[in-house]
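Below are the chains, spelled out letter by letter.
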Amino acid sequence: MTAPGAAAPTTGATARSTVAATARGGVWGAVGSATNAMFAFLLVGLITRAAGAQGAGAIFTGVAVFTIASNVCKLGADTGLVRFIPGDLALNGGSSVGSLLRMAVLPAAAAATVTGAVLLLCPTVATTLLPHLPRADAVALIRFFGMLLPAATVSLLLLGATQGYGTVVPFVSVEQIGKPVLRVLIAVPVAYWAPRMMSLAAAWLLPALAGLAAAWLGLHRCRTHHRTTAAPRGEEPVSWRAFWAFSAPRAISSVFDISAVWVGVILLSALATDAEAGIYTAIGRVVTAGTLLQLAVRLPVAPQLSRLLAVGEIAEAHQLHRISTCWIVLFSWPPFVLIAGFPRTILAVFGPEFTKGAPALVVLCAAAMVNVAVGNAQTVLLMAGKSSWHLACTAVAFAVQLTVGVLAVPRWGILGAAVSWGAAIVVENLSAAVLVRLRLGFTTVAAGYTSALGIGLAVSVVLAAVRVLSGDTPSGLALSLTFGLSAFGTFLWRYRTPLGVSELVQVLRRRTA
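Residues numbered from 1 in each chain as written. Predicted model: local features only at pLDDT ≥ 70, side-chain atom pairs only at ≥ 80, totals over all residues. Heavy atoms only, no water.

Trainee: Just checking my understanding: could you explain the packing of aromatic side chains for this structure?
Mentor: Think of a pair of aromatic rings as described by two things: how far the centres are apart, and how the planes are tilted against each other in angle. Under the defined criterion, the tally for this structure stands at 9 aromatic pairs. Plain terms: the ring middles of Phe243 and Trp244 are 5.3 Å apart, the flat faces sit at 80° to each other, and that makes the pair edge-to-face. Exposure remark for Phe243: the relative accessible area of 0% places this residue in the buried category. Relative to Phe398, the ring of Phe256 lies with its centre 5.0 Å away and its plane at 25°, an arrangement referred to as stacked. Here Phe256, found in helix H10 (residues 240-271), pairs with Phe398, found in helix H16 (residues 387-412); they are 142 residues apart in sequence, far enough to count as distant. Like Phe398, Phe256 is buried. Here the aromatic residues Phe84, Phe243, Trp244 and Phe246 are joined through ring pairs into a cluster of three or more. The positively charged end of Arg83 is found above the aromatic ring belonging to Phe84, 5.3 Å away from the centroid. The ring of Phe342 carries the charged tip of Arg467 above its face, separated from the ring centre by 5.9 Å. (Phe/Tyr/Trp six-rings, centres within 6.5 Å; stacked < 30°, edge-to-face > 60°. Buried < 20%, exposed > 50% of the residue type's maximum accessible area, 1.4 Å probe, protein only. Helix = DSSP H or I, 4+ residues; strand = E, 2+ residues; numbered from the N terminus. Lys NZ or Arg CZ within 6 Å of the ring centre and 35° of its normal.)

Trainee: It is not clear to me how the pattern of salt bridges should be interpreted in this structure. Could you clarify?
Mentor: Between side chains of opposite charge, a pair can form when the charged atoms approach closely. As enumerated under the stated definition, the model contains 3 salt bridges in all. When the shortest N-O distance is used, the salt bridge between Glu175 and Lys179 registers 2.9 Å. Linking Glu175 with Lys179, this pair stays in helix H7 (residues 169-193), spanning 4 residues, or about one helical turn. The residues Glu175 and Lys179 share a single accessibility class, namely buried. (Salt bridge = Lys/Arg side-chain N within 4 Å of Asp/Glu carboxyl O.)

Trainee: Mind showing me how you'd approach the environment of Glu316 here?
Mentor: By secondary structure assignment, the location of Glu316 is in helix H12 (residues 314-341). You can call Glu316 buried: its relative accessible area is 10%. In sequence terms Glu316 and Leu305 are 11 residues apart; their C-alpha atoms lie 8.7 Å from each other.

Trainee: Can you help me understand helix H14 (residues 358-373) in this one?
Mentor: Quick reminder: α-helices carry 3.6 residues per turn. Residues three or four places apart thus point the same way. Here H14 spans 23 Å end to end across 16 residues, near enough to the 22 Å set by a 1.5 Å rise per residue. The complete set of buried residues in H14 reads Ala358, Ala360, Leu361, Leu364, Cys365, Ala367, Ala368, Met369, Asn371, Val372 and Ala373. Once H14 finishes, Gly375 follows within two positions and takes phi at roughly 65°, a positive value. (Expected span 1.5 Å × (residues − 1).)

Written out as structure tokens, the structure reads:
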């Protein structure tokens, strides 16, 4: 006979299992994030040194257009797959996954094909985006990006479906390891033997074809090897109306999300100079590298949250949000403090002309720390089905960025672009945090969170002291890394229990064994 209180251990075991699964995904995501950051850094360095600031600015303007277009053409369906596949697996044994894939892929592939045709057939787009290039060069560059747009879009959708199966391995393997590594392997000989704009653009673009093949294989493997242990509950499958009622607002908000990263490059290219666009691209890469640890945690959290909310395990979803936010603050705050303390030294890696972007890098680091502080608030909104709320947050933030950018870029150049993006980051994340707390009841601040924030502040004091004594120099950066890591390790061990570090350690031990 089961005792009346026997259900509690089951719930606790479920919560521990969910946290452990998130930790496993987070560890794998951290490996991918580190690889992505390193090779993206190398690629930007190769392109900027081979093509110069102006040539790099033109190439990365093309990259910006391609990235924005591929994310627009997804129509939010990748997030829809992450949102609905876990629930279908839990409630219906995955019987409707094929239907969900057709709902997602067919409209998105059609949108990508039409958009690619526009880039191929309308030279006005190229000359508007790249007014400082010769017409023939600008048209050829944008057409090259348009040719591979459908492949990149479908690849992102298939990887979103694999995330719905609760694994981040295909996404990390393709987007964070495979493509960045392959781009550098292609760019190294190109930069040495043929350092021209089109050949360097090809080094960035061609891995998209390999990514599509790898994404398809990853999804096929998930579907073949998936075995559900839950008995189907006979729930109604997700309809086209329900799928697109969620995905359509996400389609618009994803445009704002990805545009926020690249709109500064486009504004600088159109309103300032290609050289400033190239410098700003390098700054954006550094800031994005700092957020990759946050992405490493967010990737496994999303499908877990969706599954928990689908089966009604609300308390476990709240716990997962708290502990994942704690990890994000713990591991992401100190790197941004370090970057903000040594901006000239870090940007000098790209070349001496890039150090003029140091003030802009400091501004974006400050804004990114606000992003880190709210953790997975935006993921909670989406996985709770509130894509329209998320759209409202991103729309307001994008309006702020565009308004500030148009006013500030002609006057302040790179710094104006950074101020506009930083303002958007703060507005979007604070509004999402307020909605999550007041409308959904997800609390962020708890014992673990305050410990993580305290450790971040303590490490910041150590880094600031070294910075004041040594200056913004390579030797100062090395000393800050040494003392900062020592302080971080000491505090991490001291507060390992409230920080939930034991789950991460257990995962690492099992993988080592």
